[in-house]
Amino acid sequence: MSETRVFLLPDLGEGLTEAELVSWHVAVGDTISVDQPIAEVETAKSTVEVPSPYAGIVAELHGQPGETLDVGKPLISVTPVSVGGPAADAAAPAEPETEPAETELGEALDEPADTPAQAEAEAYREEEKAGSGNVLIGYGTPGGHGVARRTRARKAPAASGSGSVSTLPLEDGAADGGAAESADVDLSLLRTRVPGRLGAVISPLVRRMAREHGVDLGELPGSGEGGLIMRRDVEAAISTPAVEERAVAEPRPVAEPAPVAAPAPAEPGSSEVQGVDARTGLAIAARTPVKGVRKVVATNMARSRSEIPEATVWVDVDATGLMELREGLKSGSDQVPGLLAFIARFVTAGLKKYPELNTRIETAEDGSQEIVSFDGVNLGIAAQTDRGLVVPSVRAAEKLTARELDAEIRRLTDVARQGKATPTELGSGTFTLNNYGVFGVDGSAAIINHPEVAILGVGRIIDKPWVVNGELAVRKVTELTLTFDHRVCDGGTAAGFLRFVADAIENPKALLADL
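Residues numbered from 1 in each chain as written. Predicted model: local features only at pLDDT ≥ 70, side-chain atom pairs only at ≥ 80, totals over all residues. Heavy atoms only, no water.

### What about the packing of helix α8 (residues 320–330) against helix α9 (residues 339–353)?
- Between α8 and α9, whose axes approach to 11 Å, the crossing angle comes to 120°. The orientation of α8 relative to α9 falls into the category oblique. Read as a crossing pair, α8 and α9 show a hand that is right-handed. For the pair α8 and α9, the contacting residues are L322, M323, R326 and L329 in the first and L339, F342, I343 and F346 in the second.
- Tallied by class, the residues present in the contact of α8 with α9 amount to seven nonpolar, no polar and one charged. (Axes fitted to C-alpha atoms, helices over the stretch in contact; angles between N-to-C directions. Helix = DSSP H or I, 4+ residues; strand = E, 2+ residues; numbered from the N terminus. Parallel < 35°, antiparallel > 145°, perpendicular 65-115°, else oblique. Left-handed = near helix turned anticlockwise from the far one by under 90°. Contact = heavy atoms within 4.5 Å. Nonpolar A, V, L, I, M, F, W, Y, C, P; charged D, E, K, R; others polar.)

In structure tokens form, the structure reads like this:
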């Protein structure tokens, strides 16, 4: 009888250590296939569906909706389905019982691949083992940290004419041992690897994205360690052909989005008396765990303040000219970009003139530092959501028009508020634009979104007295605030960039003529 296999919760992105179980897509007793979504979990970055690496019958669900699970802990137990049944088991030749060797996932490697489903699941585990361990590639760390282990050779199949598929480890570079194909999994994609590269691992999520967008994984170079093909590699291949295509058709999601249950509010603690605070003498009303997005924001902001020697400059801007330009466009078109899209376009033009603010500081192990510059701008847009503050980024923003920026900003903020933004969308920014004017405030000494080196804030636009041609007038005025890393540039550069954006807002027609 086949032993029950336990799937451990993988690292769903950028070294996260935990995830909250939102809902189960399967129940005990259900029959599942490889790559089938089994659960929806909420990480500190987004809500994602977790696919199963095993096919079989669900034996146990390790967790209840609303429970926080640690990475590396059991998520689901699956019992493989035996094709031959008890009779087939009895007909199999007896073999001496040996102690199975374990991988980093705790999976035995000396079981024969009795069925196509088991062969596919075994191939999946070999792919994951060759990468970074217990990680869903595309949602996880870019490289492996575990130590490679020698595994014993697989047992030879009991019969050559049984019609079953025998799969050798990908490390051996062996070809498929049978002609049968699975209806559930594309075996050609399952075994895709870059010739001569050991670590060309493709996860179920990456394979599915490649299938849906027609990306040939055999021709795709991996950016991960040892040629590991990451989710970002497939996304880059999808967006490479032409920038204009982004405005025509939005990329399809990896999986059909399912309704997302509203995240449960943080439990204030037990209903028992919380005690008295020793410092204040007041009764403690509640204790709220710092987790999820709040935990990531707290960690990132603390790191930013501790590592970055930041400075802030600001200026009041007469936005009347931009407001009048936009009103004029409304008369001739229904699709008029929002003010934030225009400002985003001015920002990308300013970063082209002052590229020092579109960089990153990297520190080597020996303590030496480098300023890394980029050929392009991934413009982060700070968005307040029910889950907390997130910063999805518009990739290659410098190549987009104001209308295209407007459409992409609206799309990103919408998916971010639904908790559906991908780790790539949330973690690839090079400069952040923060519109805190929507909260009715004028200015803010913002904290830089580490590891970026600058953030531009835009306050509310209100009527203020303003001197125009020597006379007092009522104008539409806003405040721009730029916080920057003093390691990458001096005040002159920061002031020059801020003045460039301010001048574009005050006289947009002059700048638009050059764009």
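### Let's talk about helix α10 (residues 402–417)
- Across its 16 residues, α10 extends 22 Å between first and last C-alpha, which sits within 8% of the 22 Å expected from 1.5 Å per residue.
- Among the residues of α10, A402, E404, L405, D406, E408, I409, R411, L412, T413, V415 and A416 are the ones counted as buried.
- Immediately beyond the C-terminal end of α10, within one or two residues, lies G419, with a positive phi of roughly 75°. (Expected span 1.5 Å × (residues − 1). Buried < 20%, exposed > 50% of the residue type's maximum accessible area, 1.4 Å probe, protein only.)

### Quick look at the sheet that holds strand β2 (residues 18–24)
- One open sheet accounts for four strands, arranged β5-β4-β2-β7; its pairing is antiparallel. Of all strands in the sheet, those with a lone pairing partner are β5 (47–51) and β7 (68–70), marking the two edges. The sheet shows a mean angle of 45° between the axes of neighbouring strands, taken without regard to direction.
- In this sheet, β7 lies alongside β2 in antiparallel orientation, the contact comprising three bridges. Note that in β7 the partner of A19 across the bridge is L69. (Pairing = 2+ DSSP bridges.)

### Considering the pattern of salt bridges
- The tally for this structure, following the rule as stated, stands at 14 salt bridges.
- Residue E40 pairs with K420 through a salt bridge whose shortest N-O separation is 3.1 Å. Residue E40 is located in strand β4 (residues 37–42), and its partner K420 is located in the loop between α10 and α11 (423–427); the two are separated by 380 residues in the primary sequence.
- Under the relative-accessibility criterion, K420 is labelled partly exposed at 22%.
- One connected set of salt bridges, linked through shared partners, spans E408, R411 and E425. (Salt bridge = Lys/Arg side-chain N within 4 Å of Asp/Glu carboxyl O.)

### Points about the sheet that holds strand β1 (residues 5–8)
- In space, the four strands of this open sheet follow the order β1-β8-β6-β3, with antiparallel pairing throughout. At either end of the open sheet lies a strand with only one pairing partner, and these are β1 and β3 (31–32).
- Where β1 lies against strand β8 (residues 74–79), four bridges are found, and the strand directions are antiparallel. Bridging from a neighbouring strand, R5 pairs with V78 of β8.

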